Amino acid sequence: MTAVSTTPALTAPASRARTGGGLGRYLAGRVAQAVLVLWAAYTLTFAVLWLLPSDPLALLLSANNVELDSLSAEQLADARARYGLDQPVWLHYVTMLGRAVTGDFGTSITRGVPVTDLIAERLPGTVQLSGLAIVLALVVGFGVAYLAALVQWRPARALLTRLPSAGVAFPAFWIGLLLIQVFAFTLHLLPSTGQSGPEALILPAVTMAIPTSAVFAQVLTRSLVDTLGEAHITTARAKGLSRGAVQWRHALRNAALPTLTILGLVVGSTVTGAIVTETIFARQGVGTLAQEAVLTQDVPVVQAIVVLAAAAFVVVNLVVDLLYPLLDPRITHTPKAS
């Protein structure tokens, strides 16, 4: 997350001019950082996968029902040349990187189809699942934190304050199995697996949302407590505003900044969360595609998914950084005045 700076107040025209120039330089810097992050993610993935103890040619031949031992030395040499495996590692890396820049991640080793087609087929299901899970996590997390700061009855306040710790403690796979047992096998309200219909999306989304909402609630509760002790909150109370109005109008917006930072990290990790959830609920998405590709050492598919996750992480964090000044006008992307 790129740090932002605060500056003294400027006159309106000067402020607009500096804000425009500073924002342009800031965006250019973030785009350069995004390119560097994507390159690093691609390169590290290539290096790790290349070091695995496997023969890519054996995987390619196995996908076509051909045993490596059944080919002669000349046939093996021809096969390696046909798939470009006779090239040096650095040339192979440069070739694959050049194609990736244009959006061509090659062909799946085990499936024999373009990687982009595979991801395009699986991506909509994962986007639906992750999007609903993040919305649920934000609503529940903000609701619990807001009530924990608003409620005056000590037992209820203690319950709301400690509830997020329980949500963080339980792993996602345990939550998913518990939800299946209760809502699918016992109450027969929702399907346990599959992805036919909106109702099949509820249990997987709740499974992903519970740990995330607990993190949001913990961070926002702590931030709300700190913000409610600041001087401008005392001034708002002195004007006669109710406790709820003070929290909603003057505390929540500033207290939400740390949660917004966490949101950028959470969205970037949705692919790893989707692997567990999609496996439990037998959903066909990018998560299960990543799991299958890792198990079969399908290098092009794994590299494409890693770059996709890195790109989502970079874009969401850039959007989060641009939203900071809207939530807190004291924050600006312009450099400090000399």
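Residues numbered from 1 in each chain as written. Predicted model: local features only at pLDDT ≥ 70, side-chain atom pairs only at ≥ 80, totals over all residues. Heavy atoms only, no water.

Chemist: So what's going on with the overall build of the protein chain? Residues and values would help.
Modeler: Of regular secondary structure, the protein chain possesses 13 helices and two strands. Here the protein chain holds 338 residues, and the buried ones make up 37% of them. (Helix = DSSP H or I, 4+ residues; strand = E, 2+ residues; numbered from the N terminus. Buried < 20%, exposed > 50% of the residue type's maximum accessible area, 1.4 Å probe, protein only.)

Chemist: Tell me about the pattern of salt bridges, and please be specific about residues and values.
Modeler: Pairs can form between side chains of opposite charge once their charged atoms are near each other. Per the stated rule, a full pass over the model turns up three salt bridges. For the salt bridge of arginine 111 with glutamate 292, the shortest nitrogen-to-oxygen distance reads 2.4 Å. Here arginine 111, found in the loop between α4 (89–101) and α5 (115–150), pairs with glutamate 292, found in helix α12 (residues 286–295); they are 181 residues apart in sequence, far enough to count as distant. On the accessibility criterion, arginine 111 (37% relative accessible area) is partly exposed. A salt bridge links aspartate 226 to arginine 222, with the shortest nitrogen-to-oxygen separation between them at 3.2 Å. (Salt bridge = Lys/Arg side-chain N within 4 Å of Asp/Glu carboxyl O.)

Chemist: Describe α4, naming the residues involved and giving the relevant values.
Modeler: Between its first and last C-alpha atoms α4 spans 18 Å; for 13 residues at 1.5 Å apiece the expected length is 18 Å, and the two agree. Positive backbone phi, at 90 degrees, marks glycine 103, one or two positions downstream of α4. (Expected span 1.5 Å × (residues − 1).)

Chemist: How would you explain the nonpolar core if you had to name every residue and give the values?
Modeler: Counting residues in each nonpolar core, the largest one holds 20 residues, and the members touching the most others are Tyr42, Phe105, Val115, Ile119, Leu289, Val301 and Ile305. Mapped by element, the contributors of at least two residues to this core are α1 (12–50), α4, α5, α12 and α13 (299–327). Not counting residues within four places of it along the chain, the set of residues in contact with tyrosine 42 comprises Tyr93, Met96, Leu97, Ala100, Phe105, Gln303 and Val307. If you look at the next biggest cluster of nonpolar residues, it comprises 12 residues, including Ala145, Leu224, Ile233 and Val246. (Core = buried A, V, L, I, M, F, W, Y, C linked by side-chain atoms within 4.5 Å. Contact = heavy atoms within 4.5 Å.)

Chemist: Describe the environment of threonine 102, listing the residues and the values that go with them.
Modeler: Here threonine 102 is to be found in the loop between α4 and α5. Note on threonine 102: relative accessible area 63%, which makes it exposed. Within the local environment of threonine 102, its side chain forms a polar contact with the backbone oxygen of arginine 99, the two atoms lying 2.6 Å apart. (Polar contact = N/O pair within 3.5 Å; in protein donor to acceptor, adjacent residues only side chain to side chain.)

Chemist: Tell me about the side chain of arginine 122, and please be specific about residues and values.
Modeler: One can find arginine 122 in helix α5. A distance of 3.2 Å separates a polar atom in the side chain of arginine 122 from a polar atom in the side chain of threonine 288.

Chemist: Before we move on, can you summarise unusual backbone geometry with the specific residues and values?
Modeler: Here the phi dihedral of histidine 188 falls at roughly 55 degrees; this positive angle occurs in a residue that is not glycine. Within the secondary structure, histidine 188 is located in the loop between α7 (172–186) and α8 (202–227). A residue is classified by how much of its surface remains accessible, and histidine 188, at 63% relative accessible area, is exposed. We note that alanine 282 has phi near 55 degrees; this positive angle belongs to a residue other than glycine. Looking at where alanine 282 falls in the secondary structure, it is placed in the loop between α11 (270–280) and α12. Taking the relative accessible area as the measure of exposure, alanine 282 reaches 43% and is therefore partly exposed.

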